[in-house]
Amino acid sequence: QPIGALLLEHCRITKEEENVFSISFVEEPERKYCFECDSEEQCREWVEALKRASYEFMRRSLIFYRTEIQKMTGKDPLEQYGISEEARFQLGTHKQ
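Basis of the calculations
Residues numbered from 1 in each chain as written. Predicted model: local features only at pLDDT ≥ 70, side-chain atom pairs only at ≥ 80, totals over all residues. Heavy atoms only, no water. Helix = DSSP H or I, 4+ residues; strand = E, 2+ residues; numbered from the N terminus. Expected span 1.5 Å × (residues − 1). Buried < 20%, exposed > 50% of the residue type's maximum accessible area, 1.4 Å probe, protein only. Arc of directions from axis to C-beta. Contact = heavy atoms within 4.5 Å. Pairing = 2+ DSSP bridges.

S.K.: I'd like a description of helix 2 (residues 55-73), backed by residues and values.
M.R.: Here helix 2 contains 19 residues, and its C-alpha end-to-end distance of 26 Å stays within 8% of the 27 Å for a straight helix at 1.5 Å per residue. Immediately beyond the C-terminal end of helix 2, within one or two residues, lies Gly74, with a positive phi of roughly 80 degrees.

Here you go:
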């Protein structure tokens, strides 16, 4: 049975030792959760999976793939889903 849940936003995932990784949070750097795995490979897999699960990673991936599709097709792939201009602007990078 799970003993709790962690919201993985604004967190730092760090490989501590061969089989150990930790999760700490930007707002509470003194609070750290350590996890021990059966092997170094398993530890590496957990670290990568947790990093890919964050909102920020998914947001960056969406921006990258949206840009690549626009280059290839000349069309915004999000337009067909009725995403507003405001939302599309938030997905883009700010150029000043």
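S.K.: Can you lay out helix 1 (residues 40-52) for me, pointing to particular residues and giving the numbers?
M.R.: With 13 residues, helix 1 ought to run about 18 Å at 1.5 Å a step, and its terminal C-alpha atoms sit 19 Å apart, in line with that. Here helix 1 has its buried residues at Cys43, Val47 and Leu50. One face of helix 1 carries all of its buried residues, which in axial projection span an arc of 70 degrees. Its buried side turned inward, helix 1 meets strand 1 (11-17) and strand 2 (20-25).

S.K.: Could you give an account of the pairing of strand 1, naming the residues involved and the relevant values?
M.R.: Where strand 1 meets strand 2, six bridges bridge the pair, whose relative direction is antiparallel. The residue bridging Thr14 from the neighbouring strand is Ser22, located in strand 2.

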